[in-house]
Structures are given as structure tokens and as C-alpha cells.
Amino acid sequence: MNSGLITARSAGLISCQSCHLLCERGKRSADRICPRCGANLRERKPNSIVRTWALVLAAFIFYIPANVLPITTVISLGKAQSDTIMSGVIYFLHTGMWPIALVIFLASIFIPLMKLLVLIFLLISVQFRSRWRLRDRTRLYRITELVGRWSMLDVFVVAVLVALVRLGYLTTIEAGSGIIFFAAVVVITMIAAMTFDPRLIWDVLEKNDESPVC
Amino acid sequence: MDTFIACHECDVIHHIKTLPSKGTAHCIRCGAVLYKHKTNSLERTLAFTLAGLILFVLANSFPFLGLKIGAQVRETTLITGIHELYVQGMQIIAVLVLITTMLAPLLQMMCLVYVLLPLKFGRLPKMLPRVMRFLEHVLPWSMMEVFMIGILVSVVKLAGMAKIIPGISLYSFLALIFVLAAMIVSLDSHLIWQKWEKAS
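Residues numbered from 1 in each chain as written. Chains lettered and ligands numbered in written order. Predicted model: local features only at pLDDT ≥ 70, side-chain atom pairs only at ≥ 80, totals over all residues.

**Quick look at the sheet that holds strand 6 (residues 72-76) of chain B**
Residues and elements named next belong to chain B. Definition in use: We treat two strands as partners when DSSP finds at least two bridges between them. Only DSSP runs of H or I covering at least 4 residues are called helices, and only runs of E covering at least 2 are called strands; the numbering of each starts at the N terminus. Every axis in this analysis is a line fitted to C-alpha atoms, fitted for helices over the stretch in contact. Angles between the N-to-C directions lie between 0 and 180 degrees.
Spatially, 6-5-7 is the arrangement adopted by the three strands of the open sheet, whose pairing is antiparallel. Whereas interior strands pair on both sides, the edge strands pair on one side only; in this sheet they are strand 6 and strand 7 (163-166). Ignoring strand direction, the axes of neighbouring strands in this sheet form an average angle of 20°. Across four bridges, strand 5 (residues 65-69) lies against strand 7 in antiparallel orientation. Of the residues in strand 7, the one forming a bridge with L65 is P166.

Right under this line is the structure:
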């Protein structure tokens with residue numbers, strides 16, 4: 001399926017990651033600056049695999065306290081009730097508002113976890129130089145990058161609740177430390193998706209592929 | 001080499017062709033969107049950006065939600081809400097909300113005005129390359145639409161506890177989300193770079 005297709009790398013060219021101009025690959029690294037926009041020219045994102053692994057692992061570690069620790073504490077008439085992300089979903093289910101329960105479940109639990117698992121799958125398949133379903137794996141990456149931002153939903157919900165219902169009422173809402181870990185998960189997975197270079201998936205098709213798989 | 005483009009997702013080189021109206025060029029190997037034909041990209045994007053700036057000012061000058069408990073009414077604007085978070089020891093979250101709902105959208109619109117307004121009148125903004133590169137980094141962090149859904153969910157959550165009064169700025173927010181989305185859709189960065197290249 002590679003017949004007739006030339007990649008920029010095999011032609012000795014680099015596509016500028018900022019303005020998408022095709023540039024000649026300079027011999028010295030000092031020459032590798034886009035003549036049009038001035039960005040550094042890089043054949044592939046630098047250390048893409050190692051960096052993405054590091055970020056994915058960091059996100060996984062934060063994912064645990066994000067789900068175990070409470071994200072909000074509602075204090076009403078001296079009674080305190082703490083909610084984690086999951087108990088928030090269950091609360092909406094019990095009150096019969098399942099569309100909202102579904103939205104929160106997708107944004108806060110499903111998407112972050114799927115994103116991490118997809119990134120791990122992509123990383124491992126690239127490292128094993130897999131030729132399996134290259135096109136579908138690229139599509140998987142594209143979707144992952146697209147939906148990641150929606151995980152921020154719960155952070156905003158907590159922010160609005162805390163800002164609106166403040167001290168001085170019979171009822172107050174306090175943010176729990178879980179939300180900080182959760183925000184960290186969302187930001188780190190977003191950066192991880194940006195650091196991963198989908199072109200690595202296709203590099204196995206290059207004839208003399210000397211790309212360092214590490 | 002400006003008649004060729006490499007796919008940003010699989011590196012295959014393609015010849016750039018003129019597209020029919022509303023046409024989209026996909027990569028033949030991986031299917032990624034390479035470029036699109038956009039009618040009047042410059043004017044449309046500029047119009048949406050200016051509309052967005054006006055809505056942004058409106059959205060931030062009025063309270064977006066009011067909360068009525070008993071006889072007490074509390075109103076919150078976006079910035080006082082962020083300040084409230086900061087005071088309550090949630091500094092990290094406050095900064096995150098500040099960046100994603102105020103700074104990033106504002107910077108994104110300001111960058112576009114800086115680039116598009118002079119281009120529209122046939123002039124060349126001096127810092128265009130640097131501003132365009134900066135814009136690429138800002139875009140993913142502008143999350144107005146997610147924030148809007150966040151407001152909706154919190155309103156439902158509070159509905160049993162207190163009476164919620166939607167403020168003027170809530171409607172401006174709602175309009176702003178659509179305007180920002182339209183702005184990004186009509187933006188054609190290839191066109192901007194072409195203009196820059198021709199002029200310099």
C-alpha cells in the first residue's frame with residue numbers, strides 16, 4: 001500500500017510543524033529553522049515516545065487519588081457530605097437525571113481512562129513496529145486528541161459550585177483535594193496526546209527506517 | 001516547495017490542488033484533513049473575531065448566575081468566581097479556570113485581530129509569524145464550550161437547593177461559544193501564510 005507514496009522524510013524534507021511549509025532538511029541542526037515562520041524544524045516530535053510514556057504514567061498515578069478523594073464537600077446545617085467523582089454520577093442516577101449522569105460519567109471517568117489506554121496501546125504498537133491497521137490506529141489517535149478537552153467538565157462544575165455557594169449560608173460547598181488531582185490528569189493527558197507523534201505509526205513502512213524505537 | 005504539503009499525521013507528500021467550493025483535501029494514506037476550501041476566510045474570520053471580542057466584554061461585565069436562597073440573592077461574575085476559588089485555597093484550579101475560560105479565548109481573539117485586520121487592508125503585521133505560532137499553542141487551551149456545559153450541570157445540581165437566576169452574561173457566553181466555533185472553522189491559516197510569503 002506504500003507504492004507511489006513519498007514521505008517527506010524519505011525525500012529529505014521536513015514539514016514545518018507550525019506553518020506546514022515543506023522545507024529542505026539542513027545538514028547542520030542550526031539550519032533547521034523554518035524560513036517562513038521561524039519555528040524549529042523537526043522531522044518527528046523530539047523524544048516523542050519517551051515523553052509520552054512519562055506523561056501517561058504520571059497521569060495514571062494521579063488518576064487514583066482523583067477518583068478516591070472527594071471532589072466536593074457539602075456542609076448543610078452542620079452535616080458534611082463528601083462526594084467523589086463516582087458518587088456524583090450515582091447521585092444523578094438516583095435522582096433520575098440519567099442524561100447528566102451519562103455526560104459526567106463519559107467526561108470524567110470514561111474519556112480520561114480510555115485516553116490513557118489508547119495512548120498506551122499506540123505507544124506499545126509503535127515500539128513493537130506493528131503494521132496492524134495503520135489507518136485505524138491513526139484515526140484512534142485523532143479521536144483521542146479531539147475529545148480530551150471535554151474531561152475538564154468536572155473541574156468547571158466544582159469551580160462554579162464553589163464560587164456560587166460560598167460561606168455565610170446555611171449551606172456551603174467546599175472543593176476537595178480530589179479535584180486538583182483530577183485537573184492534573186486532564187492537563188497531563190492533553191499534553192501527552194500532543195507529545196505523541198502519529199507519524200511514528202507509519203514509519204514502519206519506510207524502506208530504510210532507522211527511527212530509534214525507544 | 002510551496003506547491004506541496006506533507007500530511008501532518010503520516011508524512012506523505014501531496015501536491016496542493018485548488019479545491020472546489022467547500023471542498024476538503026484528505027490525505028490519501030491516513031485520511032487526515034490536509035486543507036479545506038473556505039469562502040472569504042479572511043473577512044469571515046475577522047467578523048467573527050470582532051463579534052467575539054464584544055461578546056467577551058459583555059460576558060465578563062455582568063453576573064452570569066444569581067443564586068437566591070430565602071431572601072438573599074448572590075450574583076457571581078466570572079472573575080469574582082475565580083477570585084473566590086483563589087481565596088478558598090484552590091489556587092491551582094483558579095489559575096486553570098482563568099487560563100481556559102478567560103486568557104486563552106481572549107488571547108486567541110487578540111492574536112487574530114492583530115493578524116487579520118492589517119491583512120484585510122493590504123498591510124503586513126510585522127510580528128505575524130511569531131503571533132501565528134503563539135496562536136497554535138493557545139488554541140487547545142480555550143475551553144469555553146466545556147465551561148458552558150459545566151455551568152449547566154452545576155445549575156441542575158443546585159436546582160433543588162436554591163433558585164437560580166440566569167444573568168445577562170450567561171446569554172453572552174452562549175452566543176460567544178458559537179461565535180468562537182465559527183471563527184475557528186472559518187480560519188484558513190494556509191491562506192494567511194500564503195499572503196505573508198507573497199508580500200515578503
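Now that the structure has been shown, the text picks up again.
**A few points about the confidence of the model for chain B**
Here is the rule we go by: pLDDT measures how confident the predictor is about each residue, on a scale from 0 to 100.
Per-residue confidence for chain B averages 91 on the pLDDT scale, and 99% of its residues sit at or above 70. Model confidence for the complex: the whole-complex pTM is 0.91, and ipTM, which rates the interface, is 0.91.

**Points about the domain arrangement of chain A**
To keep it simple, the criterion reads: For the purposes of this description, domain bounds are those given by an automatic or database domain assignment.
The domain architecture assigned to chain A consists of domain 1 (1-43) and domain 2 (46-205). Using only C-alpha atoms to locate each centre, domain 1 of chain A and domain 2 of chain A end up separated by 34 Å.

**Section: the pairing of strand 4 (residues 79-83) of chain A**
Residues and elements named next belong to chain A. By the bridge criterion, five bridges tie strand 3 (residues 72-76) to strand 4 in an arrangement that is antiparallel. For V74, the partnering residue across the bridge sits in strand 4 and is Q81. As consecutive antiparallel partners, strand 3 and strand 4 are separated by two residues, and within that stretch L77 has a phi angle of approximately 50°, a positive value.

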